[in-house]
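Here is how the chains run, residue by residue.
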Amino acid sequence: MVSRTSAFDLSKCARPNILKLQPYRCARDDYKDDGTNVLLDANENAYGPGLELDAAGNLPAASTVNGTGSPQIDFLGLNRYPDPHQIDFKQSLCNLRNTKVHSQKDLKPENLFVGVGSDEAIDALIRCFCVPGRDKILTCPPTYGMYAVSADVNDVEIVKVPLDVNNGFQLQPDKINEALSADERIKIVYICSPGNPTANLIRKEDIQKVLEHPTWNGVVVVDEAYIDFAPEGSSLAEWVTDWPNLVVMQTLSKAFGLAGIRLGSAFTSPEIATLLNSMKAPYNISSPTSAIAQAALAPKNLAVMHQNRASIIAQRERMLAEMPKIPGVGRFLGGQASNFLLVEMLDSTGKPDNVTALGAYEAMAEKKGVVVRFRGKEYGCEGCLRVTVGTEDETTRFLKELKVVLQNLHSGTTVQPSK
C-alpha cells in the first residue's frame, strides 16, 4: 500500500472556532428508535401528524390542497423547483396567528421568513446581524442549545444572563438591559418561551422591558417552538407589527406533529424579513414539505392538531397529578406550558441528585425501554429529567417503570429489564 503524504493540517486549516465547536446533542444521539422503545426525550408529538389520514396512515390519494383534486404526485410537482417565496403558505401562517390579542395590525406574508426548521432562522439571524470575531449574542440559560452552536460556528461570543431559578425560571430583564448597556457589541437577545428545558412561558411585560431599552440597537428573538401547548392567545407573533426589532420564531415540529418535514418560521418586520429572505438558498423549502405544511393548516387538519393537543394536555395533567406520588420524585421546576415537564429526581435523603437522575435516565432507557432526557448539567437543573408527554399508554408505562427504577436505585438493587 502506497503511503501518501500531504501538507494538509486540519488543525491549522479549519477556523479555530469550528475546531473547538461542541455540536448540539440530539435526543437520538444516545438512544435510537428500535421500534419498541417509548421515546419521551425529544419533545415530539407522540400522537402523530396533525393531518387527516386514511386507514393505512397515508394522505388521501387525491389532494385538495390546491383546490384541484389532482393526484398527490401531481400537486407535489417533483420535476420542478419549488416555490422560492411560499406566499400561499405564509398567508396561511398569518391567518393562524392574526388573533388581534397583541396587535390590531394584520400579519402579512412580507412579515415572514420560512426555513428548514427554526434552526435555519437561528443561524441566519446571527449571520445577518453579527460580525464574526467582533459581535455577540445574549442567551438566558438554561435554554435551547442551538443558539450557542450557531454562535460558535459563526465565531460570535455568547453573553449569558441566566433565568431566575428562584422565580420559576423567569426572565431577568433588568440584568439583560444592564448587559446591553455595558456592551454595544451584543446584537441579538435569544429568549425561549415556553422555555426548553423549563417549559415556562416568559412574561410579555419582561420581554417588553428589553424591547424598550433606550439606547441598545439590536434584535430580540422570541423562540415559540412550543407555543401551541401554552394557553390560547400566548403567541406574540402578531406583536412584530408593532416592534421593528422583534422576531418571533415558530415551528410545525411540535404541536403539529411534523418534525420530519423540518419547517420553521420567523415572524418579523418586513425589513428584517427581506434581509433573511435575501440570504437564504433559492429553494430552501422542498415541494413535499410545502405541500404537507399547507395541508396541515387546512381547517380539517387543524381540527386534528387541536384534538391531539388536547390529548397531550390531558396526559400532562395526569403526569402532574401522579408523578409526585412516586417515592423519589421531587418538584416540577419551571412551568407547565409545553409538551414536556422538568422534574427533580431525589436521592435516598430526599435531595435533588444528578447521580440518581442519571442512573434513572440510563436504567429507564437500557433496561425498561423508556427514553427520557437527563438535564442535570443545565443551569439550575440539578437532579432533573425532562420528560416528554406521550400517549396514554406511553404515560402509563413511563409511570410504572419510573416507580420501579427509583425504588431499585434507592435500595441499591440492580434494575432488571422489563419482560
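Above this text is the structure in question.
Note that the coordinates shown come from a computational prediction; the quantities given were computed from them, not determined experimentally.

Caption draft 1: Inspection of the nonpolar core at higher detail. Grouped together as the largest cluster of nonpolar side chains are 83 residues, with contacts concentrated most on L138, I207 and F398. A domain-level breakdown of this core finds at least three residues from each of domain 1 (16-49 + 302-411) and domain 2 (87-297). Residue contacts for L138: discarding those within four places in its chain leaves V159, V161, I176, A179, L180, I186, I188, V189 and Y190. Core analysis: the next-biggest nonpolar cluster, separate from the first, contains 24 residues, I122, A124, L125 and Y147 among them.

Caption draft 2: Highlighting the pattern of salt bridges. Under the defined criterion, the tally for this structure stands at 17 salt bridges. The salt bridge partner of R97 is D228, with a shortest N-O separation of 3.0 Å. Taken together, the residues span a long stretch of sequence, with R97 in helix α4 (residues 87-97) and D228 in the loop between β6 (219-223) and β7 (246-251) at a distance of 131 residues. Summarising the burial analysis for this pair, R97 and D228 share the class buried. D135 serves as the salt-bridge partner of R134, at 3.2 Å between the closest nitrogen and oxygen. In this structure R134 comes out as partly exposed when scored by relative accessible area, which is 44%. Exposure remark for D135: the relative accessible area of 2% places this residue in the buried category. Shared partners join several salt bridges into a network, and the residues in it are K136, E157, D183 and R185.

Caption draft 3: Looking closely at empty space enclosed by the protein. As enumerated under the stated definition, the model contains four cavities of 30 Å³ or more in all. Looking at the largest cavity, its volume works out to about 70 Å³. Lining the largest cavity, in full, are F89, L93, L96, R97, Q250, T251, L252, F256, L263, G264 and S265. Residue assignment for the lining of the largest cavity shows that the elements contributing at least two residues are α4, β7 and β8 (264-267). Of the residues forming the lining of the largest cavity, the biggest block, four residues, is contributed by α4. The residue inventory of the lining of the largest cavity, partitioned by class, reads six nonpolar, four polar and one charged. Considered as a void within the structure, the second largest cavity measures approximately 50 Å³ in volume. Forming the walls of the second largest cavity are C140, P142, T143, L163, L171, Y190, I191, C192, G195, N196, T198 and I202. Taken together, the residues that form the lining of the second largest cavity break down as eight nonpolar, four polar and no charged.

Thresholds, definitions, all that
Residues numbered from 1 in each chain as written. Predicted model: local features only at pLDDT ≥ 70, side-chain atom pairs only at ≥ 80, totals over all residues. Heavy atoms only, no water. Core = buried A, V, L, I, M, F, W, Y, C linked by side-chain atoms within 4.5 Å. Buried < 20%, exposed > 50% of the residue type's maximum accessible area, 1.4 Å probe, protein only. Domains from an automatic or database assignment. Contact = heavy atoms within 4.5 Å. Salt bridge = Lys/Arg side-chain N within 4 Å of Asp/Glu carboxyl O. Helix = DSSP H or I, 4+ residues; strand = E, 2+ residues; numbered from the N terminus. 1 Å grid on protein atoms, 1.4 Å probe; cavity = no way out; pocket = protein on both sides within 12 Å on 5 of 7 lines; lining within 4 Å. Points joined across faces, edges and corners; volume = space filled by probe spheres on them. Nonpolar A, V, L, I, M, F, W, Y, C, P; charged D, E, K, R; others polar.

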